[in-house]
Amino acid sequence: MVRFLTEANIDGLVDQRDALEAVTDALRDQGRGDSSNAPRTRAKLGPLVLNVLGGSVASANAIGAKVYVTGNGAAKFWGLLFDDEGALTTLYEADRLGQLRTGAASGIAARELAPGGADTVAIVGTGYQAQTQAEAVLLALGATKLHVYGRNAERADAFAALLAERTGVTASRFDTIDEVIADAHVVITMTSAHDPVILRRHMLPGKHYIFAGSNNPANAEVEPEAMREIDLLVTDDVVAAQREGGTLIRAAEAGAIDWADVRELGELLALGEVRGDADAITAFVSQGAGSWDTALAAVAAARAAERGVGIDLPIDGAPARDRR
């Protein structure tokens with residue numbers, strides 16, 4: 001039987017702490033060469049775009065994929081989880097899980113690369129995905145202050161109030177990007193910007209930057225010249241970034257970065273490397289990886305089985321023999 005888990009099921013089975021732990025495992029496995037990602041592929045039908053990505057996690061003995069369609073102003077995320085024998089075990093609604101795992105990767109990057117004692121986090125962007133970006137980074141660092149910037153002041157105020165209520169931190173809205181960044185130790189961007197929102201003057205010593213909004217080659221959150229200022233540049237998966245990481249692609253095309261200098265976060269975790277000096281500028285550019293979904297879905301599926309959560313579908317998930 002294949003178990004079906006709804007968004008409500010997922011929300012009751014895993015939280016941001018679980019996501020931080022699961023995505024750490026996935027990244028470390030990747031860095032050791034034990035696990036891998038299937039970079040996102042896209043197919044178009046008029047304005048619609050089918051997106052498919054997947055990944056394996058050796059430490060969870062699991063492999064999986066996520067499928068969703070965008071382009072009409074809405075999206076529905078579906079996840080598939082297979083065991084180490086290729087049997088489909090779980091079908092799940094993947095929106096909440098995807099939100100948690102994306103935030104977790106940023107939290108891990110901040111934990112590993114931000115300057116010691118980082119206590120103030122700034123976020124540019126106030127959309128749905130920005131919520132877990134802020135929550136995960138605050139949690140990973142134990143930070144107590146959140147600075148918020150959004151183009152719509154009313155929405156930014158509401159975002160700050162929501163995060164203050166959820167996390168207990170002091171959250172304040174700022175009127176400009178320059179102001180929101182000034183006193184922050186960690187700066188997050190989670191936008192759908194086609195044109196850069198972070199400029200060279202925004203790149204300041206002793207800060208860690210997380211650019212998490214661009215998994216489309218048509219978009220970029222940072223101007224290429226600003227990327228020259230970064231002392232340690234890290235991404236989640238270089239192969240995927242070369243295909244869809246608009247921020248990195250534009251910088252490489254402009255000669256501002258060399259792909260050979262871009263490190264992978266999983267590699268740093270596997271090697272146990274620590275952050276650089278206190279005045280360094282570090283950055284994590286996130287596209288999102290299928291192994292993160294697989295890792296957290298495996299946790300949710302195991303708990304669902306233990307607690308009897310979800311619906312057993314009349315589907316035989318075992319692979320058919322003699323087909324390959």
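Look up: the structure comes first, before these words.
Residues numbered from 1 in each chain as written. Predicted model: local features only at pLDDT ≥ 70, side-chain atom pairs only at ≥ 80, totals over all residues. Heavy atoms only, no water.

Turning to unusual backbone geometry, a few remarks are in order. Of note in the backbone geometry, Asn 61 takes a positive phi value of approximately 50° without being a glycine. Looking at the secondary structure, you find Asn 61 in the loop between strand E3 (48-57) and strand E4 (62-70). (Helix = DSSP H or I, 4+ residues; strand = E, 2+ residues; numbered from the N terminus.)

Glancing now at the pairing of strand E14 (residues 282-285). Here E14 shows no split at all, with Thr 282 and Phe 284 on one side and Ala 283 and Val 285 on the other all buried. One ladder, built from 4 bridges, connects strand E11 (residues 208-211) with E14; its direction is parallel. Its bridge partner lying in E14, Phe 211 is registered against Val 285. Of the pairings in the sheet, the one linking strand E12 (residues 232-235) to E14 comprises 4 bridges and is parallel in character. (Buried < 20%, exposed > 50% of the residue type's maximum accessible area, 1.4 Å probe, protein only. Pairing = 2+ DSSP bridges.)

Another point: the sheet that holds strand E5 (residues 77-83). Pairing is mixed across the open sheet formed by 7 strands, whose spatial order is E2-E3-E4-E5-E6-E1-E15. Both outer strands of the open sheet, strand E2 (37-45) and strand E15 (311-313), are each paired with one neighbouring strand and no more. Across the sheet, the mean angle from the axis of one strand to that of its neighbour is 20°, orientation sign disregarded. For strand E1 (residues 2-5) and strand E6 (residues 88-93), the ladder comprises 3 bridges, and the chain directions are parallel. Across the sheet, Arg 3 pairs through a bridge with Thr 90, a residue of E6. Sheet strands touched by helix H11 (residues 290-307): E1, E2, E3, E4, E5 and E6. Its angle to E3, the strand with the most contacts, is close to 70°. (Axes fitted to C-alpha atoms, helices over the stretch in contact; angles between N-to-C directions. Contact = heavy atoms within 4.5 Å.)

Attention now goes to the layout of surface pockets. Here the largest pocket defines a volume of roughly 1,300 Å³. Lining the largest pocket are 45 residues, and of these Gln 129, Met 190, Thr 191, Ser 192 and Gly 213 lie nearest its centre. Looking at the lining of the largest pocket, the elements with two or more residues in it are E2, E3, E4, helix H3 (95-113) and helix H4 (128-141). Put simply, the second largest pocket is a space of about 220 Å³. Along the walls of the second largest pocket sit 17 residues, with Leu 81, Thr 89, Thr 90, Ala 301 and Ala 302 positioned nearest its centre. Considering each element in turn, the lining of the second largest pocket owes the most residues, 5 residues, to H11. Class assignment for the residues of the lining of the second largest pocket results in 11 nonpolar, 3 polar and 3 charged. (1 Å grid on protein atoms, 1.4 Å probe; cavity = no way out; pocket = protein on both sides within 12 Å on 5 of 7 lines; lining within 4 Å. Points joined across faces, edges and corners; volume = space filled by probe spheres on them. Nonpolar A, V, L, I, M, F, W, Y, C, P; charged D, E, K, R; others polar.)

Turning our eyes to something else, we now look at the environment of Ala 136. Relative to the helices and strands, Ala 136 resides in helix H4. Here Ala 136 falls in the buried class, since its relative accessible area comes to 0%. Each C-alpha atom, one on Ala 136 and one on Ala 110, is 9.3 Å from the other, the two residues being 26 residues apart in sequence. Ala 136 has contacts with Gln 16, Leu 20, Gly 103, Ala 104 and Gly 107, leaving out every residue within four places of it along the chain.

Within the structure shown, the criterion is met by 17 salt bridges. Taking the shortest distance from any N to any O, the salt bridge between Asp 293 and Arg 101 comes out at 2.9 Å. Taken together, the positions of Asp 293 in helix H11 and Arg 101 in helix H3 put the pair 192 residues apart, joining distant regions of the chain. Just as Asp 293 is buried, Arg 101 falls in that class too. What emerges from the salt-bridge pattern is a single network uniting Arg 200, Glu 225, Arg 228 and Glu 229. (Salt bridge = Lys/Arg side-chain N within 4 Å of Asp/Glu carboxyl O.)

Under the defined criterion, the tally for this structure stands at 2 aromatic pairs. Each ring, one from Tyr 68 and one from Phe 77, has its centre 4.5 Å from the other, and the planes form 35°; the classification is tilted. (Phe/Tyr/Trp six-rings, centres within 6.5 Å; stacked < 30°, edge-to-face > 60°.)

Taking 1.5 Å as the rise per residue, helix H2 (residues 16-32) with 17 residues should run 24 Å; its terminal C-alpha atoms sit 24 Å apart, in good agreement. Its side-chain oxygen placed 3.1 Å from the backbone nitrogen of Arg 17, Asp 15 serves as the N-cap of H2. (Expected span 1.5 Å × (residues − 1). Polar contact = N/O pair within 3.5 Å; in protein donor to acceptor, adjacent residues only side chain to side chain.)

The subject of this paragraph is the pairing of E6. Of the strand pairs in this sheet, E5 and E6 are connected by 5 bridges, and their pairing is antiparallel. Paired with Leu 81 across the strands is Thr 90, a residue of E6. Counting the residues in the hairpin turn of E5 and E6 gives 4 residues, including Gly 86, whose phi is positive at 85°.

The analysis is restricted to geometry; functional conclusions fall outside its scope.
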